[in-house]
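What the coordinates show
Letter by letter, the chains look like this.
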Amino acid sequence: MPETLTCQAPAKLNLALSVGPPGEDGMHPICTWMIAIDLCDELTVTRLEADRLSRYAILWHEDAKRQSDIDWPITRDLAVRAHLALEQHTNRRLPVQLKLQKRIPVAGGLGGGSSDAAAMLRTVNELYDLGLSMEQLREIAAGIGSDVPFFIAGGSAVVQGFGDEIEHHDRAPQLHAVIVFPETMCPTGHVYSELDELSPGPLRADEVQSLIRLSRMSAAPPEAVFNDLTQPAIRVAPELEGHLAKLTELAERPAHVAGSGSSLFVLCDDALHAQDLAEAIEQRLDLPAVAVQPHEVCNVAAE
Ligand code: ATP
């Protein structure tokens, strides 16, 4: 059994995101097409002797494009919470040393913390040979956050309900995009509070499915991409509106808010187009940008 495992925790893009009105508990049902992309945080997890205490280090990867303060208490970190949830589920101590090197911006609508949590569940499951199934891992994941179950397998999926109804696709779609990282942050809770002020309309599951159907015939049509959190995110960070306009002008095609923001994205024709556009955005708009494509494998590797 290897002592140290590494794991990539991919970000996600919502190509279509419909949010329904809240139930009595204030929770919003969603229907979204989610795709894991190759912008990844990196976990290195080492198994420690049985009598040792776990230790955790969370830091920015040296090539992270947008770094902010890592200012949350360690016990609130989602990867750490995933580890503690696994110890609770198995009713045993699972001492580890975690080094989490982040590239995915915080409060950027790209699911970084959720993906870190899912990666931690998968890695510790292997490191300790716990034998938990994907379904069991998804159940533990659901207790940590609504985006976490999706990241257990990643890939491409329609995610509904409260993140717990996941229909994975056999293969990821053809997708090339540029993600742009404005400096501002959009904490998810604030964005949903703004959505409530705007009184959300009904869930649009049909429109999510029709975008998926269209994308099977060719690449996802940029005009059909939609996000019900766009206006709420702009209310949280009004400067996003100006960034969207400048990006749309430069790219000569629509720019979109990623999830709950603040990251933005533009769909591209191919890898070269995405690379060129990312460079143009960095030079002409002075915003960090990265070209991405789907991240299909969610493997855990021995060091
Ligand atoms: P999502 O797309 O899932 O909403 P997000 O990047 O937009 O992700 P938020 O939901 O706003 O982010 O959550 C960000 C907050 O989560 C951080 O400010 C921090 O307090 C907390 N957090 C805990 N663990 C992590 C982690 N490993 N990475 C990033 N944020 C984390």
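Above this note sits the structure.
One structure accompanies this document, and this report is about it. (Residues numbered from 1 in each chain as written. Predicted model: local features only at pLDDT ≥ 70, side-chain atom pairs only at ≥ 80, totals over all residues. Heavy atoms only, no water.)

Brief notes about the overall build of the protein chain
Put simply, the rule is: Secondary structure elements are taken from DSSP: a helix is a run of H or I of four residues or more, a strand is a run of E of two residues or more, and numbering for both begins at the N terminus. Radius of gyration: C-alpha atoms only; globule rule: 2.2 Å multiplied by the number of residues to the exponent 0.38. Whether two residues are in contact is decided by their heavy atoms: any pair within 4.5 Å suffices. Under the convention used here, a 1.4 Å probe and the Shrake-Rupley method define accessible areas, while residue burial counts only the protein chains that appear. Only four residue types enter the tally: Lys and Arg on the positive side, Asp and Glu on the negative side, with His and both chain ends excluded. Charge placement uses NZ in Lys and CZ in Arg. For Asp and Glu, CG and CD serve respectively.
Within the protein chain, the regular secondary structure consists of nine helices and 12 strands. For a compact globule of 303 residues, the expected C-alpha radius of gyration is about 19 Å, and the protein chain comes in at 19 Å, within 12% of that figure. With the principal axes as the frame, the protein chain shows a C-alpha extent of 60 × 45 × 35 Å. Expressed as a percentage of contacts within the protein chain between residues at least 6 apart in sequence, the contacts between residues at least 24 apart total 76%. Surface summary for the protein chain: the accessible area is close to 13800 Å², and the carbon and sulfur share equals 47%. The average position of the 23 basic charges and that of the 44 acidic charges among the side chains of the protein chain differ by 4 Å.

Side note on the side chain of Thr-123
Locating Thr-123 in the fold gives a position in helix 2 (residues 112-127). With sequence-adjacent residues up to four places away left out, Thr-123 is seen in contact with Leu-5, Cys-7, Val-45 and Val-300.

Details of the pattern of salt bridges
Convention followed: Any carboxyl oxygen of Asp or Glu within 4 Å of a side-chain nitrogen of Lys or Arg constitutes a salt bridge here. Remark: exposure states derive from per-residue accessible area (1.4 Å probe, protein chains only) relative to the maximum for the residue type, with buried under 20%, exposed over 50%, and partly exposed in between.
Per the counting criterion, the structure on display carries 11 salt bridges. A salt bridge links Arg-103 to Glu-42, with the shortest nitrogen-to-oxygen separation between them at 3.3 Å. Residue Arg-103 is located in the loop between strand 4 (96-102) and helix 2, and its partner Glu-42 is located in strand 2 (residues 30-47); the two are separated by 61 residues in the primary sequence. No difference in accessibility class separates Arg-103 from Glu-42, as the two residues are buried. Salt bridges sharing partners connect three or more residues here, namely Asp-41, Lys-102 and Asp-116.

Observations concerning the environment of Ala-9
Along the chain, Ala-9 turns up in strand 1 (residues 4-19). On a C-alpha basis, the gap between Ala-9 and Asp-41 in space is 5.0 Å, while along the polypeptide they are 32 residues apart. Sequence-distant contacts of Ala-9, defined by excluding residues within four places in its chain, comprise Leu-39, Cys-40, Asp-41, Leu-43, Ile-104, Ser-115, Asp-116 and Ala-119.

Any link to function would need more than the numbers given here.
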